[in-house]
2 protein chains.
Amino acid sequence: MKNLELLNNKKNNYFLPIGGIGEIGGNNYLYSFKGEQIIVDGGISFADDSLPGVDITIPDPYIFLNTSIKPKAMILTHAHEDHVGGLEYYFDKIDFPIYCNQFTFSYIKHKFNKINDFEKKFVIVEDFQEVEFENFSFQLIPTTHSIPDPTGIFFKTLEGNIYHTGDWKIDKNPVTGSPTCFSSNIARLKTIISNAIKHDKKIFVVGRSIKRAINTAIEEKLIENFEILNEKKFQDYNKDKVLLICTGSQGEKNSALWKIANNTHNQIKLSAKDNIIFSSKEIPGNEKSISYLKNSFSYLGLNIISDEEEFVHVSGHPGKNEIKEFYSFIQPKSLIPMHGEYLHLKKHLEIAKSLKIEKTNLLLSGDLCQLDLVNKNHKLIEQFVIKKLPVVQNLIIEEDSFINERGKILHNGVVSINLILNKQFDIIKFQISDKGFPFSYNKEIIQDEIKDILLNKILFIKEEINENILIELVDEVSRKTYNRNFSLKPELLIHISLI
Amino acid sequence: MKNLELLNNKKNNYFLPIGGIGEIGGNNYLYSFKGEQIIVDGGISFADDSLPGVDITIPDPYIFLNTSIKPKAMILTHAHEDHVGGLEYYFDKIDFPIYCNQFTFSYIKHKFNKINDFEKKFVIVEDFQEVEFENFSFQLIPTTHSIPDPTGIFFKTLEGNIYHTGDWKIDKNPVTGSPTCFSSNIARLKTIISNAIKHDKKIFVVGRSIKRAINTAIEEKLIENFEILNEKKFQDYNKDKVLLICTGSQGEKNSALWKIANNTHNQIKLSAKDNIIFSSKEIPGNEKSISYLKNSFSYLGLNIISDEEEFVHVSGHPGKNEIKEFYSFIQPKSLIPMHGEYLHLKKHLEIAKSLKIEKTNLLLSGDLCQLDLVNKNHKLIEQFVIKKLPVVQNLIIEEDSFINERGKILHNGVVSINLILNKQFDIIKFQISDKGFPFSYNKEIIQDEIKDILLNKILFIKEEINENILIELVDEVSRKTYNRNFSLKPELLIHISLI
């Protein structure tokens with residue numbers, strides 16, 4: 001990648017958002033302090049329909065792995081997937097320590113437990129503990145978000161300091177932790193669970209991620225220990241004696257909740273008189289799936305309670321007033337807004353302006369910013385195009401031509417053409433088959449059409465013909481024939497054999 | 001289709017929603033009055049991601065075309081695509097008259113103008129004009145919705161009457177038409193256009209559908225005539241002297257608005273100081289695309305005005321109070337809620353209950369209901385599974401196995417395998433190629449793996465082998481080999497030749 005080398009410049013400081021600014025998810029940032037680089041977070045984002053068949057993408061980590069720069073460390077701010085979810089896909093390539101607090105480590109360690117000595121790559125640090133490097137130090141600052149023990153990062157240098165917020169909100173009446181440490185998910189679970197115990201209800205937990213969250217919270221003594229019943233026993237109890245905690249409220253297909261809604265879950269059947277509470281916010285893009293879930297539960301006769309009806313969701317992110325309160329407290333001299341899409345960043349800048357924060361930079365992922373820590377005159381000096389790489393079967397895919405092919409097949413189908421010719425270029429076998437092609441048709445007619453044009457063309461160039469020219473010819477003639485007959489351009493897989 | 005014949009029963013009345021109840025879009029209904037059938041509307045819906053690569057679906061019209069029932073007529077309530085959009089795909093198969101009012105006809109006639117004498121299939125009727133059949137009559141009742149001249153249908157029979165609402169809302173202060181006829185789209189355009197003319201602005205209209213709507217409205221004298229400028233002249237004017245009316249606000253890819261947002265439109269370039277107004281509601285499922293649009297315009301520096309900031313959208317559908325007002329006026333003895341998903345229908349029933357409408361039926365598309373027009377004891381007697389058929393290149397596709405294939409390719413890719421054997425079943429050529437497959441791999445290694453297992457199997461069954469058995473074998477061995485190596489199950493296209 002061009003000019004990445006300049007991050008080794010021993011005179012300057014830089015900030016490069018690899019992912020996470022101007023978008024939702026994929027948080028991954030690089031700071032360089034006079035040639036010493038540090039990575040903050042390594043998250044994933046959910047793929048949209050521009051990546052057909054792909055669920056997860058990751059901002060290209062080869063920006064900081066196997067390149068001309070050698071980061072000194074990585075810091076994880078908190079354990080949400082959009083901040084740490086990428087790590088497991090390039091963990092083996094990391095040759096620098098990963099700093100985080102105890103909860104973040106406990107929450108994510110299961111990802112690595114097949115790897116020998118994986119713990120040795122982690123350094124657990126306390127709140128406010130100062131970790132020193134040559135040109136800078138950092139401290140994790142406890143903050144407030146919808147997971148336990150999230151942190152911001154305070155970087156100190158001789159020239160000036162940086163506060164990297166991470167994800168945060170303000171809550172002065174936390175249910176778990178100290179007054180500056182609120183975690184709505186675990187806190188919400190704590191509230192639900194303690195009420196269930198008080199009312200003598202049996203508790204079932206369905207879904208791997210939520211079981212893990214609860215077990216980590218119990219392990220870290222954030223919620224009291226209790227018995228999670230095996231879901232096979234669910235039908236043994238009267239439903240008014242039962243609390244079921246379940247993942248899948250974003251409408252994820254094949255989640256437990258999806259199966260329950262479709263009445264196809266093996267153990268758990270819900271019906272009229274049962275209540276279901278949707279306590280999480282709808283993430284943009286999931287509206288249709290969530291609507292499908294709610295309609296299905298309604299069809300089963302359930303009573304649905306969601307934040308349209310009741311106050312059951314608390315956001316993990318700050319509102320306008322919280323941002324104002326926070327900046328009035330921090331009093332930054334300059335500001336680069338993080339988290340969210342372009343519109344969010346612009347609104348963030350409007351708030352900064354209203355607070356008389358004079359020096360601001362609106363960056364997007366891939367924008368390399370030279371930091372002037374003395375005068376705060378940061379400036380954009382270069383724009384990199386940083387790819388979002390698809391993750392398939394737990395592997396990061398760098399060569400993404402398959403995406404383009406899938407996109408074409410999605411709308412046009414794929415046709416496989418097999419042509420066997422003798423040495424005189426007479427066709428002795430011609431086979432066509434297809435997948436994902438919408439029309440039924442007489443393959444022999446299409447074959448004859450292709451054959452006629454092809455033989456005619458071969459006749460004209462017989463002297464110069466060879467296998468490669470033949471493949472090109474078959475490709476061109478087949479493509480035109482399908483387009484002429486069906487107004488579609490199927491992807492072609494062509495095999496030619498000269499026998 | 002089973003039991004469809006019973007709709008010919010000369011003693012009973014029936015209602016069958018073919019599409020449109022329990023879903024958004026695809027409005028298509030069948031009434032049978034003592035053996036006389038009538039179709040109401042013939043709409044499309046937008047395909048969701050269960051139909052990869054398909055934009056439009058249509059509730060299976062072969063329920064009423066080419067079957068044992070012979071409808072006497074079709075009635076169109078209004079010209080929105082979810083009520084009339086299917087018609088063009090089976091217009092040639094319709095051998096009964098289509099009734100609608102003048103505006104609906106004017107608005108949709110362009111769809112058929114390549115067909116000789118297409119007008120002869122249409123019968124234009126006036127508001128309240130009674131059209132008589134043997135066992136029933138109907139009248140179009142002018143109503144109120146976001147398109148000009150929408151109608152409900154009043155069916156009269158000797159035993160009792162039915163009011164089929166169509167889409168509607170109440171507006172007592174209409175901008176166009178008589179006090180019961182409001183059309184927010186055209187009315188909104190009228191307001192915008194007359195203001196533009198008053199302030200001496202040049203008017204550009206971009207997008208085929210909106211140009212057609214405006215031209216129809218001018219033709220039907222619903223808005224005053226004005227000059228629509230050619231978009232090639234857009235850059236000739238100062239932008240503060242220009243009004244641009246544009247389609248694509250739902251984030252439709254490749255629409256004019258999409259191109260303008262991406263700054264790739266040939267004629268129209270917008271920039272800082274320009275204002276853009278989003279005056280339409282976000283249709284569920286489009287949130288992410290619309291958000292992309294707004295972010296892109298924000299990135300270009302435009303000032304964005306939408307209903308989050310200003311009152312710029314008016315819904316074309318009724319709220320709770322309007323429904324109450326409407327039913328208090330109509331005073332139905334029984335009610336079958338239409339339009340919308342299951343949750344909407346249930347809320348609709350709650351309103352009916354609060355108004356003491358005692359007899360209600362909650363039907364879904366495919367539910368056949370026997371109507372008791374005397375005592376209003378309607379009852380569900382049969383449930384049909386009515387497919388949503390994909391429309392591809394303007395053709396209705398009945399055989400939909402390609403959908404399943406596309407779904408598999410989307411997640412696994414497709415592999416084409418070509419195997420040439422001699423008469424002794426020795427492999428003399430083996431080729432593999434793929435599309436949409438995410439991993440790069442050494443094809444020879446995979447070929448050798450398949451070859452080894454295959455030859456071993458052939459050895460064991462050599463006596464009984466033939467081409468079909470061979471294809472099955474290759475399919476099985478290849479499938480397992482790909483799954484073992486990549487944990488993926490690509491679709492396979494296999495060609496075997498015995499030379």
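So, here's what we can say about the structure. (Residues numbered from 1 in each chain as written. Chains lettered and ligands numbered in written order. Predicted model: local features only at pLDDT ≥ 70, side-chain atom pairs only at ≥ 80, totals over all residues. Heavy atoms only, no water.)

1. A closer look at the overall build of chain A
Stage number 1. What chain A contains, in helices and strands, is twelve helices and 25 strands.
Stage number 2. With the C-alpha coordinates of chain A rotated into their principal frame, the extents come out at 85 × 70 × 50 Å.
Stage number 3. A buried classification covers 53% of the 499 residues belonging to chain A.
Stage number 4. As presented, chain A carries roughly 23800 Å² of accessible surface, and 48% of it is formed by carbon and sulfur atoms.
Stage number 5. Each charge class in chain A was averaged separately, 60 positive and 65 negative side chains, and the resulting centres sit 2 Å apart. (Helix = DSSP H or I, 4+ residues; strand = E, 2+ residues; numbered from the N terminus. Buried < 20%, exposed > 50% of the residue type's maximum accessible area, 1.4 Å probe, protein only. Areas by Shrake-Rupley, 256 points an atom, 1.4 Å probe, with all protein chains shown as cover. Lys, Arg positive; Asp, Glu negative; His and termini not counted. Charge placed at Lys NZ, Arg CZ, Asp CG, Glu CD.)

2. Quick notes on the interface of chain A and chain B
Stage number 1. Every contact between the two is made by 63 residues of chain A and, on the other side, 63 residues of chain B.
Stage number 2. Here chain A meets chain B over a buried area of about 5100 Å², counting both sides, of which 57% is carbon and sulfur.
Stage number 3. The tally of links from chain A across to chain B stands at four salt bridges.
Stage number 4. Put simply, Asp49 of chain A and Lys253 of chain B hold a salt bridge, and the shortest N to O gap is 3.8 Å. (Contact = heavy atoms within 4.5 Å. Buried area = accessible area lost by both parts, 1.4 Å probe. Salt bridge = Lys/Arg side-chain N within 4 Å of Asp/Glu carboxyl O.)

3. Here we look at the packing of aromatic side chains
Residues and elements named next belong to chain B.
Stage number 1. For the structure shown, the criterion picks out 68 aromatic pairs over all chains.
Stage number 2. Between Phe105 and Phe118, the ring centres sit 6.3 Å apart and the planes meet at 25°, which makes this aromatic pair stacked. Highlighted residues: Phe105 in helix α3 (residues 102-108) and Phe118 in the loop between α3 and β8 (122-124), separated in sequence by 13 residues.
Stage number 3. Here Phe133 and Phe138 contribute two aromatic rings whose centre-to-centre distance is 6.3 Å and whose plane-to-plane angle is 25°, an arrangement assigned as stacked.
Stage number 4. Given a relative accessible area of 17%, Phe133 falls into the buried group.
Stage number 5. We classify Phe138 as buried; its relative accessible area is 0%. (Phe/Tyr/Trp six-rings, centres within 6.5 Å; stacked < 30°, edge-to-face > 60°.)

4. Observations regarding the relation of the copies chain A and chain B
Stage number 1. After a rotation of 180° and a shift along the axis of 0.0 Å, chain A superposes on chain B with an RMSD of 0.0 Å. As the rotation angle and translation indicate, the two copies are arranged about a two-fold axis.
Stage number 2. Of the residues that chain A buries at the interface, 100% are likewise interface residues in chain B, meaning the two copies contact each other through the same surface. (Least-squares fit on C-alpha atoms with pLDDT ≥ 70 in both.)

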